[in-house]
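The primary structure of each chain is shown beneath.
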Amino acid sequence: MRSVIRRRVTTMISAFLLQSPPLSSISPKHHQYSLLPLTTQRFLTASHSFRLRTFSTRSIPNMQDSASVSYLSQREAAEIDETLMGPLGFSVDQLMELAGLSVATSVAEVYKPSEYSRVLAICGPGNNGGDGLVAARHLHHFGYKPSICYPKRTSKPLYTGLVTQLESLSVPFVSVDDLPEDLSKDFDVIIDAIFGFSFHGAPRPPFDDIIRRLQTLQKRPVIVSVDIPSGWHVEEGDHEGGGIKPDMLVSLTAPKLCAKSFSGPHHFLGGRFVPPSVAEKYKLELPSYPGTSMCVRIGKPPKVDISAMRVNYVSPELLEDQVESDPVLQFRKWFDEAVAAGLRETNAMALSTTSKDRKPSSRMVLLKGFDENGFVWFTNYESKKGSDLSENPFAALLFYWEDMNRQVRIEGPVERISEEESENYYHSRPRGSQIGAIVSKQSSVVPGRHVLYDEYEELTKKYSDGSVIPKPKNWGGFRLKPNLFEFWQGQPSRLHDRYLFTYIAVSWRPVRLQYSLQEGNPAWIIRRLAP
Ligand SMILES: NC(=O)C1=CN([C@@H]2O[C@H](COP(=O)(O)OP(=O)(O)OC[C@H]3O[C@@H](n4cnc5c(N)ncnc54)[C@H](OP(=O)(O)O)[C@@H]3O)[C@@H](O)[C@H]2O)[C@H](O)CC1
Ligand SMILES: Cc1cc2nc3c(=O)[nH]c(=O)nc-3n(C[C@H](O)[C@H](O)[C@H](O)COP(=O)(O)O)c2cc1C
Ligand SMILES: Cc1ncc(COP(=O)(O)O)c(C=O)c1O
Ligand SMILES: [K+]
């Protein structure tokens with residue numbers, strides 16, 4: 001019996017894959033690099049002079065050209081939905097869960113709960129409304145305070161289950177009559193989950209009135225539309241004008257044709273469940289999703305007002321008795337925490353040097369070790385920083401661990417490490433990087449990339465037998481011996497915690513200290529600084 005069912009399902013899937021004609025209106029533009037991820041394609045088309053390189057998906061924003069993403073008609077959207085839930089074995093609950101999660105993660109990418117906690121999800125009678133219920137549940141778990149307006153409930157177990165789940169989280173349900181006239185007083189974000197791709201005709205009560213209120217609000221919360229801005233024609237968009245103007249649209253599976261006329265700042269796609277067979281069959285051009293994310297930004301990068309860009313840092317307080325008396329220990333603690341938090345390149349630091357004419361310059365380098373003797377990095381001694389340091393052997397290091405609202409400054413004299421230490425480190429590096437260090441006369445002018453590549457190829461051949469690649473004399477490490485540290489922990493309203501550690505020769509004793517010497521490490525003086 002089971003094998004008969006399996007055979008039937010297999011036949012259905014093959015029939016679906018082989019027979020259904022591709023959707024005419026979504027035929028992709030011919031693309032020279034169509035087998036590459038879209039991000040790479042864009043990179044290649046934009047700049048042919050660069051060689052192909054792979055990006056870590058976490059490292060570049062996924063902003064796709066809207067032209068390179070497929071749009072679906074109403075019929076096509078419904079057909080894909082049926083296919084997913086038919087031969088491809090998905091259930092509606094599953095797709096709704098994935099859709100709602102994609103909406104919640106998209107909201108969380110743009111509207112942080114610290115500023116946009118009060119969310120109202122207005123849910124319609126169909127699956128679009130169900131997506132709104134699921135999104136509200138996830139937003140609750142992400143730290144938002146959602147409320148639900150769900151005037152036309154259905155009695156299907158899927159929906160009653162979603163309502164029960166929200167009620168068990170004490171998420172309030174508000175009736176249309178109880179909604180405040182001015183929605184911006186009570187809500188920071190409105191999730192428009194009223195109508196999705198099955199909307200037709202003109203909105204009927206009570207949704208006509210709700211949509212009218214969303215259109216006409218003067219001062220309003222941000223509006224996030226799920227799949228379709230409610231009231232818009234699924235293909236023509238806001239063809240009569242005067243429809244709602246969402247700030248964010250989260251398209252599901254693939255954007256519908258109406259999304260072409262979406263001009264708001266944030267267009268996201270949540271469809272990280274579309275099997276490749278569906279994308280291939282319907283010739284869908286879909287962006288790649290970054291990392292483990294359920295959503296990806298599509299459309300044009302948002303226009304930003306740089307002067308209004310700011311983050312209000314919210315962190316646990318850092319009080320006097322919480323900082324270590326030994327700054328190297330304190331650094332280790334924060335460094336370990338940053339590594340544990342999964343920050344990328346925790347050891348990347350800005351290194352500032354000055355030349356003999358006292359002009360400063362900064363660049364990033366990688367910290368390769370630290371202890372009570374100092375902080376070590378490697379470079380070319382004949383580079384700009386190398387010559388600066390021979391002219392003025394003092395430097396400043398700066399770490400910024402953004403996700404943790406933390407900054408560390410370190411200053412002090414610098415010296416070269418021993419040849420032996422440099423040799424050891426050099427030979428621990430990948431062979432390609434060792435050859436790279438020979439090839440690069442760092443900070444000198446190069447006529448073109450080919451010069452570097454030619455020499456690199458030549459040396460790669462030369463050392464292809466695995467023999468030792470000699471370290472160039474001018475390549476090695478520097479060690480900064482700190483006489484100053486500052487640990488900075490971002491706090492709300494710019495009232496940050498800052499602790500300055502200064503190294504005082506033991507023979508010298510300051511008279512008035514704002515913060516006393518601590519036992520065990522008499523040489524370091526710790527003072528709190530005003531932010
Ligand atoms: N694979 C996917 O793309 C997924 C999509 N999901 C979400 O599902 C919606 C589509 O859901 P569906 O249930 O088919 O339709 P809607 O939510 O758009 O709404 C249908 C209900 O709305 C009523 N309706 C339609 N027009 C009107 C109107 N003018 N006024 C009032 N009410 C209207 C309709 O009633 P009818 O009596 O008119 O039939 C229905 O009750 C899609 O957009 C996604 O959000 C899945 O959740 C995940 C997978
Ligand atoms: C994250 C990051 C880490 C880097 N690490 C090093 C490094 O450890 N050593 C190095 O010589 N250059 C490193 N670089 C390159 C430098 O920033 C810089 O371009 C190069 O050293 C030349 O600098 P200079 O001309 O000021 O000497 C790094 C760049 C980045 C973005
Ligand atoms: C030119 C150069 N040298 C050295 C380094 C240090 O890193 P590693 O020794 O891990 O290659 C970097 C890191 O980006 C670099 O760009
Ligand atoms: K909607």
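Reference entry: report on the structure contained in this document. Because the structure is predicted, anything quoted here is derived from the model rather than measured.

Thresholds applied
- Numbers given to residues run from 1 along each chain, matching the order in which its sequence is written.
- The order in which chains are written sets their letters, starting at A; the order in which ligands are written sets their numbers, starting at 1.
- Whole-chain, interface and lining totals are the exception, using all residues; otherwise, since this is a predicted model, local features are given only for residues with pLDDT of at least 70 and side-chain atom pairs are given and counted only at 80 or more.
- Hydrogens and water are ignored here; the side-chain numbers use all heavy atoms of the structure.
- Helical segments are the DSSP runs of H or I of at least four residues, strand segments are the runs of E of at least two, and each set is numbered from the N terminus.
- Note on contacts: a residue pair qualifies if any of its non-hydrogen atoms lie within 4.5 Å across the two residues.
- Only N, O and S atoms count as donors, using a 2.8 Å cut-off from the metal and 3.2 Å for Na, K and Ca, and because water is excluded some sites may appear unfinished.
- Only four donors with every angle between 85 and 135 degrees are called tetrahedral; only four or six donors with opposite donors over 155 degrees apart and all others between 65 and 115 are called square planar or octahedral, in that order; all others are irregular.
- Residue proximity to a molecule or strand is established when one non-hydrogen atom of the residue lies within 4 Å of it.
- Polar contacts, as counted here, are pairs of nitrogen or oxygen atoms within 3.5 Å of one another; within protein the pair requires one atom able to donate a hydrogen and one able to accept it, and residues that are adjacent in sequence qualify only if both atoms are side-chain atoms.
- Here the open area of atoms and residues is found with the Shrake-Rupley method and a 1.4 Å probe, where only the protein chains shown may cover a residue.
- Two strands form a pair only when DSSP identifies at least two bridges running between them.
- Orientation is described by axes fitted as lines to C-alpha atoms, over the contacting stretch for helices, and by angles from 0 to 180 degrees between their N-to-C directions.
- Residues are grouped as follows: Ala, Val, Leu, Ile, Met, Phe, Trp, Tyr, Cys and Pro are nonpolar; Asp, Glu, Lys and Arg are charged; every other residue, Gly included, is polar.
- Roughly parallel refers to an angle under 35 degrees, roughly antiparallel to one over 145, roughly perpendicular to one between 65 and 115, and oblique to any angle outside these ranges.
- Note on convention: the crossing is left-handed when the near helix lies turned anticlockwise from the far helix by less than a right angle, right-handed when the turn is clockwise.
- Put simply, buried Ala, Val, Leu, Ile, Met, Phe, Trp, Tyr and Cys residues joined by side-chain atoms within 4.5 Å make one nonpolar core.
- Buried means the residue's accessible area, taken with a 1.4 Å probe over protein chains only, is under 20% of the maximum for its type, while exposed means over 50%, and partly exposed covers the values in between.

What follows is about the environment of Gly129. Mapped onto the elements of the fold, Gly129 is located in helix 5 (residues 127-141). Note: C-alpha distance between Gly129 and Tyr159 (30 residues apart in sequence) is 9.2 Å. Apart from residues no more than four positions distant in its own chain, Gly129 is found in contact with Cys123, Gly124 and Ala193.

A separate point is the coordination of the potassium ion (ligand 4). Within the first shell, the potassium ion (ligand 4) binds the protein through Asn128 (OD1), Asp192 (O), Phe195 (O), Val226 (O), Ile228 (O) and Ser230 (OG), at distances of 2.6 to 3.1 Å. Note that the potassium ion (ligand 4) binds six donor atoms; their angles at the metal cover 71 to 164 degrees, and the shape is irregular.

Before going further, it helps to spend a moment on the site of ligand 1. Looking at ligand 1, there are 22 residues lining it, with Asp131, Gly196, Ser198, His200 and Asp227 nearest. Contact between ligand 1 and Asp131: an oxygen atom at 2.4 Å from a side-chain N or O atom of the residue. The side chain of Asp227 places a nitrogen or oxygen atom 2.6 Å from an oxygen atom of ligand 1. Bound to the protein, ligand 1 loses 83% of the 940 Å² it would expose on its own. Within the residue set of the shell around ligand 1, elements represented by two or more residues are helix 3 (74-85), helix 4 (92-110) and helix 5.

Once that is clear, we can look at the sheet that holds strand 5 (residues 248-252). Read across the open sheet, the seven strands follow the order 2-1-3-4-5-6-7; overall the sheet is mixed. Single-partner strands in this sheet number two, and they are strand 2 (145-149) and strand 7 (296-298). For this sheet, the mean angle separating the axes of adjacent strands, direction not counted, is 25 degrees. Where strand 3 (residues 189-193) meets strand 4 (residues 222-226), four bridges bridge the pair, whose relative direction is parallel. Following the sheet pairing, Asp192 is matched in strand 4 by Ser225. Strands strand 3, strand 4, strand 5, strand 6 (266-270) and strand 7 of the sheet are contacted by helix 4, whose axis makes an angle of about 150 degrees with strand 5. Running over the sheet, helix 5 touches strand 1 (118-123), strand 2, strand 3, strand 4 and strand 5 and is turned about 160 degrees from strand 1.

This part is about the site of ligand 3. The local shell around ligand 3 consists of Leu366, Lys368, Tyr425, Arg429 and Gln442. Lys368 places a side-chain nitrogen or oxygen 2.6 Å from an oxygen atom of ligand 3. One of the side-chain N or O atoms of Tyr425 is found 2.4 Å from an oxygen atom in ligand 3. Protein burial of ligand 3: of its 390 Å² of free accessible surface, 52% is covered by the chains. Residue classes in the shell around ligand 3 are distributed as two nonpolar, one polar and two charged.

Across the interface, helix 4 lies against helix 6 (residues 157-168) with an axial gap of 11 Å and an inter-helix angle of 40 degrees. Put simply, helix 4 runs oblique to helix 6. Note that helix 4 runs across helix 6; the crossing there is right-handed. Here Val92, Asp93 and Met96 of helix 4 lie close against helix 6, whose contacting residues are Leu158, Tyr159 and Leu162. When grouped by side-chain class, the residues that make up the contact of helix 4 with helix 6 number five nonpolar, no polar and one charged.

Here the focus is the nonpolar core. Counting 41 residues, the largest nonpolar core has Ile80, Leu84, Leu120, Ile122, Leu183, Ile194 and Leu214 as the members making the most contacts within it. When residues of this core are traced back to their parent elements, those giving at least two are helix 3, strand 1, helix 8 (207-216) and helix 9 (276-281). Ignoring any residue separated from it by four or fewer positions in sequence, one finds Leu84 in contact with Gly89, Phe90, Leu95, Phe273, Pro275 and Val278. Residues Ala136, Leu166, Val224 and Leu252 belong to the second largest nonpolar core, which totals 35 residues.

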